[in-house]
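Here is what each chain is made of, one letter per residue.
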Amino acid sequence: MRSSGSLLVASMLLAFAAVGCGGSDSSSAPPGGDQDGAPLEDTSAADGAGDVSIDDTGGSPADGTTGDAESDTGSPADSGAADGSLACDEAGACPFELSCCGGACVDTSSSAAHCGACGTVCTGGGEICAEGKCACPGPFSGVCSGTCTDLTKAPNCGACGTSCATGTSCVAPVAPAAPGCAPGCFADLPQIVVPGAPVRVGYAISWGAARSIAPASGDRGAIHFDDATGKIASMLANVPAVAADAAGEVTRIQGLVKPALGTGTTDVAVGVATTSHEGHTGAHTTYAVARATTASDLRDAVAAAVLGGAVAPPTTKVGTSTTFLVTLTTIYRADVKRTDVMVAIAPRVDADSRTSATILRIGDLTNTTAMAATTMADGFGCQLLAGANPPKADILWTVDTSGSMSDDQNRIGNAGKGIFDRLRLAGVDFRMAVITAGSQAPNLDTPGFTWIQGTDADGPNELCRRVTYAQCPLTAAETKTPYPMAGGLEEPTAAAVLTHFALWDRGKKGETNPDKKLRDGARFVTFHVTDEPGSNDFTRYFATKTDPQTAKAWGTTYNATTLANIVDYFVRNQIITFGILPAPAAPCTSYNVYDLPRSPI
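What you see is a predicted model, and the numbers here were worked out from it, not measured in a lab.

Chemist: Can you walk me through the state of the cysteines in this structure?
Modeler: Any covalent bond linking the sulfur atoms of two cysteines counts as a disulfide. Tallied over the full model, the rule gives seven disulfides. Bridging Cys122 to Cys134, the disulfide has an S-S length of 2.1 Å. Judged by the sign of its S-S torsion, about -85 degrees, the cystine formed by Cys122 and Cys134 is left-handed. Residue Cys122 is located in the loop between strand 3 (104–106) and strand 4 (128–130), and its partner Cys134 is located in strand 5 (residues 133–135); the two are separated by twelve residues in the primary sequence.

Chemist: What is the right way to read the sheet that holds strand 13 (residues 199–202) from this model?
Modeler: A sheet is described by the order of its strands in space; here three strands give the open sequence 12-13-21, paired in antiparallel fashion. One side of each edge strand has no neighbouring strand; the edge strands of this open sheet are strand 12 (191–193) and strand 21 (371–373). Neighbour to neighbour, the strand axes of the sheet diverge by 30 degrees on average, direction disregarded. By the bridge criterion, three bridges tie strand 12 to strand 13 in an arrangement that is antiparallel. Looking at the pairing, Val193 lines up with Arg200 of strand 13.

Chemist: How should the nonpolar core be read in this particular structure?
Modeler: One broad rule of soluble globular proteins: the nonpolar side chains tend to lie buried together. Of all hydrophobic cores here, the largest spans 31 residues; its most connected members are Phe449, Val497, Phe538, Tyr541, Phe542, Trp554 and Leu596. At the level of elements, strand 23 (429–436), helix 7 (492–508), helix 8 (535–542) and helix 9 (560–572) are the ones that each hand at least two residues to this core. If one sorts the elements of this core by residue count, helix 7 sits on top with eight residues. If we skip the residues at most four places from it in the chain, Val497 touches Tyr541, Phe542, Pro548, Trp554, Tyr569 and Phe570. By size, the runner-up hydrophobic cluster in this structure holds 25 residues, among which are Met235, Tyr287, Leu307 and Ile345.

Chemist: Explain helix 5 (residues 409–425) to me, please; I cannot follow it from the model alone.
Modeler: In an α-helix, one full turn covers 3.6 residues, which means residues spaced three or four apart are oriented alike. For helix 5, built from 17 residues, the straight-helix expectation of 24 Å at 1.5 Å per residue is met to within 8% by its first-to-last C-alpha distance of 25 Å. Turning to helix 5, its buried residues number three or more, namely Gln409, Ile412, Gly413, Gly416, Lys417, Gly418, Ile419, Phe420, Asp421 and Arg424. Summarising the contacts, the buried residues of helix 5 are in contact with strand 4, strand 22 (392–399), strand 23, strand 24 (452–453), helix 6 (459–467) and strand 25 (523–529).

Chemist: Explain the environment of His277 to me, please; I cannot follow it from the model alone.
Modeler: In this structure, His277 sits in the loop between strand 17 (265–275) and strand 18 (281–294). A residue is classified by how much of its surface remains accessible, and His277, at 43% relative accessible area, is partly exposed. Taking the C-alpha atoms as reference, His277 lies 8.8 Å from Asn367; in sequence the two are 90 residues apart. Not counting the four nearest positions on each side in its chain, His277 is found in contact with Thr368, Thr369, Met371 and Ala372. Here Thr368 takes part through its backbone oxygen, which lies 3.3 Å from a polar atom of the side chain of His277.

Chemist: Hey, could you run me through the pairing of strand 18 in this one?
Modeler: Consecutive residues of a regular strand have side chains that alternate between opposite faces of the sheet. Where strand 17 meets strand 18, eight bridges bridge the pair, whose relative direction is antiparallel. Within strand 18, the residue paired with Thr275 across the bridge is Thr281. If you look at the hairpin formed by strand 17 and strand 18, you'll find five residues sitting between the two strands, and Gly279 has a positive phi there, around 95 degrees. With twelve bridges joining them, strand 18 and strand 19 (residues 320–333) adopt antiparallel strand pairing. By the bridge assignment, Ala283 is partnered in strand 19 with Thr330.

Chemist: Just to check I follow, could you spell out the sheet that holds strand 17 for this structure?
Modeler: Hydrogen bonding along the main chain pairs the strands of a sheet, whether they run parallel or antiparallel. The seven strands lie next to each other as 14-15-16-20-19-18-17, forming an open sheet whose pairing is antiparallel. One side of each edge strand has no neighbouring strand; the edge strands of this open sheet are strand 14 (211–213) and strand 17. Each neighbouring strand pair of the sheet contributes to a mean axis angle of 20 degrees, computed without reference to strand direction. In the sheet, strand 14 pairs with strand 15 (residues 221–227) via three bridges, with the strands oriented antiparallel. The residue bridging Ile213 from the neighbouring strand is Ala222, located in strand 15. Along the sheet, helix 1 (residues 246–261) contacts strand 16 (232–240), strand 17, strand 18, strand 19 and strand 20 (338–347); its crossing angle with strand 18, the most-contacted strand, is approximately 5 degrees. Here helix 2 (residues 295–307) sits on the sheet in contact with strand 14, strand 15, strand 16, strand 18, strand 19 and strand 20, set at roughly 5 degrees to strand 16.

Conventions we followed
Residues numbered from 1 in each chain as written. Predicted model: local features only at pLDDT ≥ 70, side-chain atom pairs only at ≥ 80, totals over all residues. Heavy atoms only, no water. Disulfide = S-S within 2.5 Å. Helix = DSSP H or I, 4+ residues; strand = E, 2+ residues; numbered from the N terminus. Pairing = 2+ DSSP bridges. Axes fitted to C-alpha atoms, helices over the stretch in contact; angles between N-to-C directions. Core = buried A, V, L, I, M, F, W, Y, C linked by side-chain atoms within 4.5 Å. Buried < 20%, exposed > 50% of the residue type's maximum accessible area, 1.4 Å probe, protein only. Contact = heavy atoms within 4.5 Å. Expected span 1.5 Å × (residues − 1). Polar contact = N/O pair within 3.5 Å; in protein donor to acceptor, adjacent residues only side chain to side chain.

Shown next as structure tokens:
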């Protein structure tokens, strides 16, 4: 039973971040609670608002039916356009979040003929409509001569008609940075000597153009980068040391940098010891700045303090925001009594993001590997490494189809479409399948378990149809639901284990049907969708069953050992898990069965 006032939230977290997760919502159902009656019958509201109501006498989602349609005439559920799409009502309105285009209800977030607005057609050869915008699939592609073109190969390197000079090749950095021409091997990456200093900087073209900063003193200098894509302003500097050791220099540089950052500056992590790749010692420090400005202005203020004088600003400033993260690395070169100062500054929202390249570039700039003494020789040869294949994933949705999920159907469908679109745009080689969150071994042969291919042009809509047991907001006649799996309908973690094992076991036994086994070389990913506490997963499956691969009991009592056994299945099989789950009422404080769906994620 769904707990009153609980929120359904999408948590996209890497697998197995925590083994122990506790705390419970006092309003949740007790372990082994009911399912809120029978599964829901999909009935479209007569007012066309797209509401879904519960009918305990209707068809079960698990048997592939959606119940009887509303009998009121004029309802969007029983009036269709000539092409089979849902027709607009007499007032030109549509249910759900659809738009009325030419008399038909259209999803402008994914329609190539009405992308973002009625009549906006994706004309580029091979373009798709994703999130209301026309785009070519893959992170590094664009329209050249009317056709979607790979921009990681000359003569279209980063832009249509861009060739690379002799000795260079087209390089695709971490998305979303654009590809560009670069030297043909790692040893030949661009390098530049820091003015007035015995060190040099090796850098990636994705950091932006390097600017040499040479103050009048002549015994110190810096290299500045302003990266518009990553929104990072950075400085790699070298100055004479004043203190007698690394600890003293770290304290001295911190005493220059923090005041220069100005009002709103607070400590995040101060003086974390480190050793550079050349064997010199120092420390990492992180500050937060809460003030409306740009990353470039903050960097220039730090540069003036460290270098002993104002520096010329960049032509274009980057990283406009009101909150920032400042990463500072100080390295003491005892042999020459000089100090490296590495600073990278970016808006906090970008620096904290797990989906942007910003955090990776900040690491490259401040982990000490970008700077080396000019006397050091490149003691390695040219070695080109190429990744010929994109990431490969088999993605399974295990969906709670109990009646309490009725008010979440539209959000689940929209979330599925958005995820499908993002994976296509990222160039991932993937396929998706959807199954009911049951707790008994699935029958893959009857009625017939199948996957939606990532290359399917109608894939986002097809996933929307399958991931919901209500009518997907695209056609009047659609009746698809999650693939039936017997059990309580509310056990997504159990369903993930059982379905993975069924596919793994069939492949091990020589299965030839690609729909009934895992793909070679593909990571298995599971999306757990439920509004229930973990009591159902545990009491209906884990407490009474054994690990299907090892025959070892999961554990009859929910505790640290039992949870470790459950998590071990996902770790052992390298399964990446995500979830759309109830928000916890309080931070996890103990091992509590209510938190089981969150714990393996």
